[in-house]
Number of protein chains: 2
Amino acid sequence: MTQHQIEMTRYLSSFIEELVQAGVKDAVISPGSRSTPLAMLMAEHPTLKIYVDIDERSAGFFALGLAKASHRPVVLLCTSGTAAANYMPAVVEANLSQIPLVVLTSDRPHELRGVGAPQTIDQIHLYGHHVKDFVDMALPEDRPEMLQYAKWHGARAVDLALKAPSGPVHLNFPLRQPLMPILDPSPFSGEEKRHHVHIYLTKETVEKDLLNQIIAVCHGKKGLIVIGDLDKAEGFAEKLVELSLQLGFPVLADPLSQIRSFGKNDIKVIDQYDSLLRIDRVKQAMKADVVIRFGAMPVSKFLSQYLDTLDDARHFVVDPGSSWRDPIKAVTDMIHCEEHVFVEELLTTVDYTQRNTEWYDQWQRLNTLSKATVNKYLQTIEGLDEGKVISELQQHLPNNATLYIGNSMPIRDIDTFFQQTERHIKLYANRGANGIDGNVSTALGMSVVKQPMYALIGDVTFFHDMNGLLMSRTNQLNMTLIVINNNGGGIFSFLPQADSPRHYEQLFGTPTDISIEKATSLYDGNYYGISDWEEFQDALDQSAHDKGLNIIEIKTNRYENVVTHRSVWDNIQEVIGYESL
Amino acid sequence: MTQHQIEMTRYLSSFIEELVQAGVKDAVISPGSRSTPLAMLMAEHPTLKIYVDIDERSAGFFALGLAKASHRPVVLLCTSGTAAANYMPAVVEANLSQIPLVVLTSDRPHELRGVGAPQTIDQIHLYGHHVKDFVDMALPEDRPEMLQYAKWHGARAVDLALKAPSGPVHLNFPLRQPLMPILDPSPFSGEEKRHHVHIYLTKETVEKDLLNQIIAVCHGKKGLIVIGDLDKAEGFAEKLVELSLQLGFPVLADPLSQIRSFGKNDIKVIDQYDSLLRIDRVKQAMKADVVIRFGAMPVSKFLSQYLDTLDDARHFVVDPGSSWRDPIKAVTDMIHCEEHVFVEELLTTVDYTQRNTEWYDQWQRLNTLSKATVNKYLQTIEGLDEGKVISELQQHLPNNATLYIGNSMPIRDIDTFFQQTERHIKLYANRGANGIDGNVSTALGMSVVKQPMYALIGDVTFFHDMNGLLMSRTNQLNMTLIVINNNGGGIFSFLPQADSPRHYEQLFGTPTDISIEKATSLYDGNYYGISDWEEFQDALDQSAHDKGLNIIEIKTNRYENVVTHRSVWDNIQEVIGYESL
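Computed from a predicted model, the values in this text were never measured in an experiment.

Parameters and conventions
Residues numbered from 1 in each chain as written. Chains lettered and ligands numbered in written order. Predicted model: local features only at pLDDT ≥ 70, side-chain atom pairs only at ≥ 80, totals over all residues. Heavy atoms only, no water. Least-squares fit on C-alpha atoms with pLDDT ≥ 70 in both. Pairing = 2+ DSSP bridges. Helix = DSSP H or I, 4+ residues; strand = E, 2+ residues; numbered from the N terminus. Axes fitted to C-alpha atoms, helices over the stretch in contact; angles between N-to-C directions. Domains from an automatic or database assignment. Buried area = accessible area lost by both parts, 1.4 Å probe. Salt bridge = Lys/Arg side-chain N within 4 Å of Asp/Glu carboxyl O. Polar contact = N/O pair within 3.5 Å; in protein donor to acceptor, adjacent residues only side chain to side chain. Nonpolar A, V, L, I, M, F, W, Y, C, P; charged D, E, K, R; others polar. Contact = heavy atoms within 4.5 Å. Buried < 20%, exposed > 50% of the residue type's maximum accessible area, 1.4 Å probe, protein only. Right-handed = clockwise from strand over helix to strand, strands pointing away. UniProt positions renumbered as here; feature names shortened; annotations may be inferred. Phe/Tyr/Trp six-rings, centres within 6.5 Å; stacked < 30°, edge-to-face > 60°. Parallel < 35°, antiparallel > 145°, perpendicular 65-115°, else oblique. Left-handed = near helix turned anticlockwise from the far one by under 90°.

In this section: the relation of the copies chain B and chain A. Each of the two chain copies can be brought onto the other by rotation about an axis and movement along it. Mapping chain B onto chain A calls for a screw motion: a turn of 180° about the axis and a shift of 0.0 Å along it, with 0.0 Å RMSD after fitting. Given the turn and translation reported, the copies of this chain are related as if by a two-fold rotation axis. Ranked by how close their C-alpha atoms come to the rotation axis, the residues of chain B are headed by Glu 204 of chain B, at 2.2 Å.

Right, here's the structure in full:
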């Protein structure tokens, strides 16, 4: 054992111990040589749980899912070279969806950089402005000040990753040969006092007089509470709907707001706005004076377009940290306050008697009409249909289930067809950058924390991250994956290019003709091929008992799908046509 | 007038109006062609005050000083090319010292980038990671959504610049010919409704149970409150010294903490630690168990070294935003809380009876001894002396004066010789990057807000930013500049190289032999050459009545200066030697 190995072991184990002390519980590691000492020391740590994923692109999203579900920073570790470049998609998503990650890349020491050494790329600021912070760490030394340096950066990395807005931080570790750490005795068994950094998570609060100003603005107004992707602690949903009742401001709840399915539905929220706001009469008649918006911008394009028309409205955006999530640039009041604090403070301040009940009731009536129309239509559908899949899931998923929703069509169908329920179902998706990449891995990462775990994705998304399925076998993860297979990119059928057949199938349709059943057997999953709704319910019931990976395939037709969607919206428009607004 | 000019005028005036609505009151502009529309529109704005500075390097620091003194974001505007590169030193300082700046650079339109067009450099991310945010703005258009885009970015820029930790943001404006805006009618006179963004400045607060944990840690301990560069609103100093009394934790107050001179001295703070902690016996005997630190790391190297030896101490760092200002990596508890909130909350929680009075009194006794020794020594000094300049200033500056302190020797002498006073004197310096560049301009920028304004700098620092003096004439600014002229870099005389004559004067001594008197007349200032302390006091009294620029030159000797400083510290060491610790 060389002096270098002793120093390296003490330096890196101090760093890892500090990460754990600061709250890290999970690390996702991809195999490699340069990362050997960090990987072995993480594996050696008594409490740190490690997951090994061969494909770094999948590993990045697996870590993202784990962090998304646990609200804890997850560590990523890979070797040098393009391995690190494979993290980029997940890093970008984490940065935009505010998910805490601590990305560790191993690197050659300085003397081997920029000299044509093998598997050596420029890793300095590799992720550019897509990380909250970058540190090129010092070479390992075990002088007390350098051990302190390593610990300090461990604590700081976790602190910065968590601080609102949460996100990824990147630390690059130059490491020299020999790369084997000293594991006997375990560097973590020692009694040596580890003075680590306590991190105090503080909250942004808004002063009382500002709250009073806001209340004054809301007084008797036609107001809306709009909430997009936001996963707050239990209790927030109850507080928010209570506030909506007090203000007389209906809640337009994006499925990812968790407000459509938090376990109660005695106070109704608006879940039909995506259909309703396609109708010009509704957009004209239901103009709000005040909007209070939380979380990311909602999925619905028609809601965004509607909000964009409210030129005279006061538009409050509550967004902690220094985020400005306002793609329509409608904000008139930017409030960097922690959402839970803001809602509780408003609740204690607002005066019940000020609300505009007429406005509130009108939204409720329109929502009820739309909902009834959708449900009536769905009952008429015999064959397999992408919209009906959603209402089936909403009715038949077990209580306290978690559903990860793939991008492209599934998230939009959820927005249209997933209605408020009294059951508790958590809904998640990668809506930072809206990619179809890494969706399988994200869901599997979540399954470590959330059970029972379900995921709903299309066949192209499934194919793109099929490698991610390996983690379900190597880690005995339990998840039921529902694949809507319309053999290609169904969303493009809704776009103008669908009307011109030239090049369409080659460039947009892109059928893969991949057998979902064979892919399932490749990873030893249980396969369910569905031909009618009864079989779908049976498969859902059965999969609740089958451990491991369950894959339910629902074959649909891209062309019919467009037709059924459009007729649903037409029906709603017709019904609303008889309403006086 | 072309359509382009109309569109450009509406777009840029919307942006400028939004900056003003968000709280900007001052803009520092350097002349140029590409910046013409922004410059003329700012000059046209009814409330925005503009300052024109030919040298962009000085302009950057002038804006920095203005923002430092006003706690408001100041706008910087320059043309394209190297002009923008000249802002770098001030941008770097602003970023590290957390001063809000909105840096606007004009650029060629996209079709003239990277094609060898004149005065065109790559301005994208020009300041790298030294700004909080960068935006390459869209070309001017007056479609409603683009006017909204311009306003939105104006509000966002001010918000990000102010949000803790405050700092500079950079917006790059590509502009096309013709560059003349339309000023008749004034774009700001219109009644057109400007829906602008209200920004709510929120505060980070720490929960009660965490405060109780902190109190528990402090219970009866040997504690210190250490406060570095931190310019809080009136009332903070009173609260802090009250807290120190309650906890029995002496306050080690850096001059830039404003705690040595906030207008009261009934509660004594420790202002001699830089001298005391040079003494090993003191460092050994006075080891603290708990440190609560605010603001930047103090100036004193000996304090840092002492704090670094406290291996077993709990070291609380209170630092809002996501700052980790802890160069010695001593932090054990990182608290991202607004300082004023933290101190007030602690005050309401702490129990008076818990304090360790013995520890508190011992520090007070040592401080009194050191102070007496310094003062006794200074009385013996006949000739002009750099240390004595400080005590003279401390005694003879008018109440409510502001003193800007140059880097290198002056700030260190202030640390050693500026003692707690019952008078209210604000002390400032550029301690983010500690440069001697831009010091004259920073002080002049402050003089716009702070009166009476004084600055104390050395001759090399004076020479480096002599161009900055032009602003005092063009803007009729009132400031008294005290130049300690030891004809070269006096600080190097304290460093090892001073003992080896070879190359010393050429590389470190660097005498300029510049006549301060001639430089003063070049800018029409009033010159005072000082030959004894009586003349110094007269000059100070006289300059209080002379408007405009007053320059007081005090000629000293670099070599004698080292001797006198060292004998002061020797005397203190000797006196403390008789003390039982």
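There is more to say after this.
The pairing of strands in a sheet comes from backbone hydrogen bonds and takes either a parallel or an antiparallel form. All names here are of chain A. With parallel pairing, the six strands of this open sheet are ordered in space as β15-β14-β16-β17-β19-β18. The sheet is open, and its two borders are formed by β15 (425–428) and β18 (526–530), each paired with just one other strand. Direction aside, neighbouring strands of the sheet carry axes that sit 20° apart on average. Judged from the five bridges that link them, β18 and strand β19 (residues 549–555) form a sheet pairing that is parallel. Within β19, the residue paired with Gly 529 across the bridge is Glu 553.

All names here are of chain A. Taken domain by domain, chain A consists of domain 1 (3–174), domain 2 (208–361) and domain 3 (381–569). When each unit is reduced to the centre of its C-alpha atoms, the spacing between domain 1 and domain 2 is 38 Å. Roughly 400 Å² is buried in total at the junction of domain 1 and domain 2, and carbon and sulfur atoms are behind 41% of that figure. The three residues of domain 1 that bury the most area against domain 2 are His 71, Gln 98 and Pro 165, which together make up 68% of that side's buried surface. The interface formed by domain 1 and domain 2 contains zero salt bridges. Where domain 1 meets domain 2, there are two residue pairs in polar contact (both at pLDDT 80 or more). The residue makeup of the side of domain 1 that touches domain 2, split by class, is two nonpolar, two polar and one charged.

Time to look at the environment of Ile 530 of chain A. Along the chain, Ile 530 of chain A turns up in strand β18. In contact with Ile 530 of chain A, not counting residues within four places along its chain, are Leu 384, Glu 535, Phe 536, Ala 539, Ile 552, Glu 553 and Ile 554 of chain A.

Residue and element names in this part refer to chain A. Burial within strand β6 (residues 168–174) is extensive, with seven of its seven residues counted as buried. Of the two faces of β6, the one lined by Pro 168, His 170, Asn 172 and Pro 174 and the one lined by Val 169, Leu 171 and Phe 173 are each fully buried. As paired strands, strand β4 (residues 101–107) and β6 are joined by seven bridges and run parallel to one another. From the neighbouring strand, Val 102 faces β6, where its bridge partner is Val 169. Here strand β5 (residues 133–136) runs beside β6; their pairing, made up of four bridges, is parallel. Each bridged residue has a counterpart across the sheet, and for Asp 136 the counterpart in β6 is Asn 172. For the segment spanning β5, helix α6 (residues 144–162) and β6, crossover handedness is right-handed.

Counting residues at the interface gives 43 residues for chain B and 43 residues for chain A. Contact between chain B and chain A buries roughly 3,900 Å² in total, counting both sides, with carbon and sulfur atoms accounting for 58%. For Lys 203 of chain A, the salt bridge identified is with Glu 207 of chain B, shortest N-O distance 3.5 Å. Listed by contribution, the elements that provide at least two residues to the side of chain B that touches chain A are α6 (144–162), β7 (198–200), β8 (203–205), α7 (208–218), β12 (314–318) and β13 (333–335) of chain B. When its residues are assigned to classes, the side of chain B that touches chain A shows 18 nonpolar, twelve polar and 13 charged.

UniProt annotation of "domain: Thiamine pyrophosphate enzyme N-terminal TPP-binding" (unreviewed entry) refers to residues 15–125 of chain A when read in the numbering used here. In residues 15–125 of chain A, the share of helix is 40% and the share of strand is 18%. The end C-alpha atoms are 20 Å apart.

This brings us to the pattern of salt bridges. Between side chains of opposite charge, a pair can form when the charged atoms approach closely. Counted under the stated rule, the structure contains 52 salt bridges over all chains. Put simply, Glu 204 of chain A and Lys 163 of chain B hold a salt bridge, and the shortest N to O gap is 2.6 Å. Of this pair, Glu 204 of chain A sits in strand β8 (residues 203–205) while Lys 163 of chain B sits in the loop between α6 and β6 (168–174), placing the two residues on different chains. Residue Glu 204 of chain A is classed as buried on the basis of its relative accessible area of 9%. In this structure Lys 163 of chain B comes out as buried when scored by relative accessible area, which is 14%. Between Arg 473 of chain A and Asp 524 of chain A there is a salt bridge; the shortest N-O distance is 3.2 Å.

Turning our attention to the packing of aromatic side chains. Each aromatic ring pair is characterised by the separation of its centres together with the angle its planes make. All told, the structure shown has 22 aromatic pairs over all chains when counted by the stated rule. Measuring from centroid to centroid gives 6.5 Å for Tyr 11 of chain B and Tyr 149 of chain B, while their planes differ by 20°, and the two rings are stacked. Within this pair, whereas Tyr 11 of chain B is found in helix α1 (residues 3–21), its partner Tyr 149 of chain B is found in helix α6, the two being separated by 138 residues in sequence. Side by side, Tyr 11 of chain B and Tyr 149 of chain B carry an identical accessibility label, which is buried. Look at Tyr 504 of chain B and Phe 508 of chain B: their rings are 5.8 Å apart centre to centre, the planes differ by 35°, and that puts the pair in the tilted class. With Tyr 504 of chain B and Phe 508 of chain B both in helix α19 (residues 504–509) and four residues apart, this pair spans about one turn of that helix. One aromatic cluster is present, formed by Phe 236, Phe 294 and Phe 342 of chain A through successive ring pairs.

Turning to the sheet that holds strand β4 (residues 101–107) of chain B, a few remarks are in order. Residue and element names in this part refer to chain B. In spatial order, the strands read β2-β1-β3-β4-β6-β5; together these six strands make up an open sheet with parallel pairing. Pairing within the sheet leaves two strands with one partner each, and these edge strands are β2 (49–52) and β5 (133–136). Taken over all neighbouring pairs, the strand axes of this sheet differ in orientation by 20° on average, direction set aside.

Turning our attention to the packing of helix α7 (residues 208–218) of chain A against helix α12 (residues 339–349) of chain A. Residues and elements named next belong to chain A. The geometry of α7 relative to α12 is characterised by a closest axis approach of 10 Å and an angle of 70° between their N-to-C directions. With respect to α12, the axis of α7 lies roughly perpendicular. Relative to α12, the crossing made by α7 is right-handed. Between α7 and α12, the residues in contact are Lys 208, Leu 211, Asn 212, Ile 214 and Ile 215 and Phe 342, Glu 345, Leu 346, Thr 348 and Thr 349, respectively. For the contact of α7 with α12, the residue count by class is five nonpolar, three polar and two charged.

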